[in-house]
Amino acid sequence: MSAITATARISEKQIIETVRRLDVADTVMHAPSRAQFWQLLQMSSKPYRDAVKSLRGGGDRDIKHKLIQTLADSEAYFANVPVRSNSYTLCERMIDSSGIRTSNPLATLTITDEKDISAFGYPNGYLFMTGALYDAVEGDSLTLQGLLAAEEAHYALQHAYVHAKAEKKRARKHRFWKIFGATALAGASIIADEATDGMFPAELGLTAAVMIGMSDTQQRHRLDYTPDQIVEADIVAYRYMQLDGNGNAYIDALRRVGHDLDATAGYGKDYLTVADRIAILEYIAANPRLRKIKANKVRLKPIPTHTDIFAPSNYR
């Protein structure tokens, strides 16, 4: 393991167990294109198939109503957030070449003109990066593509909806209602408080809080993902970048801005540190045999090529 993992707290045993549970394994690495990468990912994910079945069915109306309310509450942000000038062509090129539009033809990427370093997305395929993030990585295309892939993983696997269903099943209502609709810009104190739990240096969180406090943008909503879903998105992004032989580009992206992204997302003490997440990816990179851990166990099942799971008929 490389020197960077010396600061990680996760053990090799924990890394292997995590990879066994969450790695997309050899399945997606057979994809002949980026578009088919996302299709194979969805076809091999039982939680995703269960989420689509729920979204297309008549149940879980409470989750659906909350999801739609979150999107409605975010409309002001979608409509009014300042957009980085001359970024439209770049955004279209990135989102189109990523292949995610095979899953949702209406998926979009926007680079906003905001001062905090952040990347986030919504279950309708609206994906965002801030101008401060773009500047922090100096517009490096590989870094941006890797970070975009992590957000696309959350969208492609409908992580927020899957999370809500799991919390509802466990009857943890206090958690369920927080998954949709939590605001990332509610106040500087949120990030300042999170910054003291050991996830990252306090001064980093305070800096991010001050920058967010300077924003006059309509409050944006963020979605709540589980610790496993964060790591799963990391692994998916790493494997995605491997398709073109650039897996390490995502590891480098986490080194450059991972702490800042955690600060603006407000991840708590139950989440792995950025150093731990990097350690997992570096272990995967150093042990290619891990690709085959789940390959013999994954069963691909068909999914709808595209269905408007947010159609009004789903929420009656």
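Each remark here, short or long, concerns the structure printed above.
Below is a short write-up of the structure. Each residue is numbered by its place in its chain's sequence as written, counting from 1. A pLDDT threshold of at least 70 governs which residues receive local features in this predicted model, and a stricter bar of 80 or more applies before side-chain atom pairs are shown or counted, although totals over entire chains, interfaces and linings include all residues. Calculation of side-chain values draws on the structure's entire complement of heavy atoms; hydrogens and water are dropped beforehand.

1. A look at the side chain of Ser87
Structurally, Ser87 is set in the loop between helix 6 (75-80) and helix 7 (88-98). Here Ser87 falls in the buried class, since its relative accessible area comes to 6%. The definition of a polar contact used here is a pair of N or O atoms within 3.5 Å, where within protein one atom must be able to donate a hydrogen and the other to accept one, and adjacent residues in sequence count solely through side-chain atom pairs. Within polar-contact distance, the side chain of Ser87 engages the backbone oxygen of Arg84 at 2.7 Å. Strands are runs of DSSP state E lasting at least two residues, helices are runs of H or I lasting at least four, and both sets are numbered from the N terminus onward. For every residue, the accessible area (1.4 Å probe, protein chains only) is compared with the maximum for its type, and the residue is labelled buried under 20%, exposed over 50%, or partly exposed between those bounds.

2. What to know about the sheet that holds strand 3 (residues 126-130)
Strands pair, by our definition, only if DSSP identifies at least two bridges between them. Read across the sheet, three strands follow the order 1-3-2 without closing on themselves; strand pairing throughout is mixed. In this open sheet, the two strands that pair with only one neighbour each are strand 1 (108-112) and strand 2 (119-121). On average, each strand axis in the sheet is inclined to that of its neighbour by 20°, with strand direction left out of account. Note: strand 2 against strand 3, three bridges, orientation antiparallel. Note on strand 3: the bridge partner recorded for Ala119 is Met129. Residues are treated as being in contact if the distance between any of their heavy atoms lies within 4.5 Å. Fitted lines through C-alpha atoms give the axes, limited to the stretch in contact for helices. The angle between two N-to-C directions lies from 0 to 180 degrees. Its contacts with the sheet place helix 7 against strand 1 and strand 3, and it is angled at close to 140° to strand 1. Together, strand 1, strand 2 and strand 3 form the strand contacts of helix 9 (residues 141-156), whose direction differs from that of strand 3 by roughly 145°.

3. Concerning the pattern of salt bridges
Salt bridge criterion: a side-chain nitrogen from Lys or Arg within 4 Å of a carboxyl oxygen from Asp or Glu. Following the criterion strictly, the structure yields 19 salt bridges and no others. One salt bridge in this structure joins Arg34 and Asp244, with 2.4 Å as the shortest N-O distance. Here Arg34 is found in helix 3 (residues 34-43), whereas its partner Asp244 is found in the loop between helix 14 (227-242) and helix 15 (247-265), with 210 residues between them in sequence. For Arg34, a relative accessible area of 23% gives the class partly exposed.

4. What about unusual backbone geometry?
Of note in the backbone geometry, Asp60 takes a positive phi value of approximately 50° without being a glycine. Within the fold, Asp60 resides in the loop between helix 4 (46-56) and helix 5 (61-73). Accessibility expressed as a relative area gives 18% for Asp60, which makes it buried. The backbone of Gln158 shows a phi angle near 50°, a positive value even though the residue is not glycine. Following the sequence through the fold, Gln158 ends up in the loop between helix 9 and helix 10 (159-169).

5. Notes on the nonpolar core
Only buried residues count toward a nonpolar core, which is a set of Ala, Val, Leu, Ile, Met, Phe, Trp, Tyr and Cys residues joined through side-chain atoms within 4.5 Å. If you look at the biggest cluster of nonpolar residues, it comprises 64 residues, and the most contacted ones within it are Trp38 and Leu133. Here Leu133 is in contact with Asp116, Ile117, Ser118, Ala119, Leu147, Val257 and Leu261, once residues within four sequence places are set aside.

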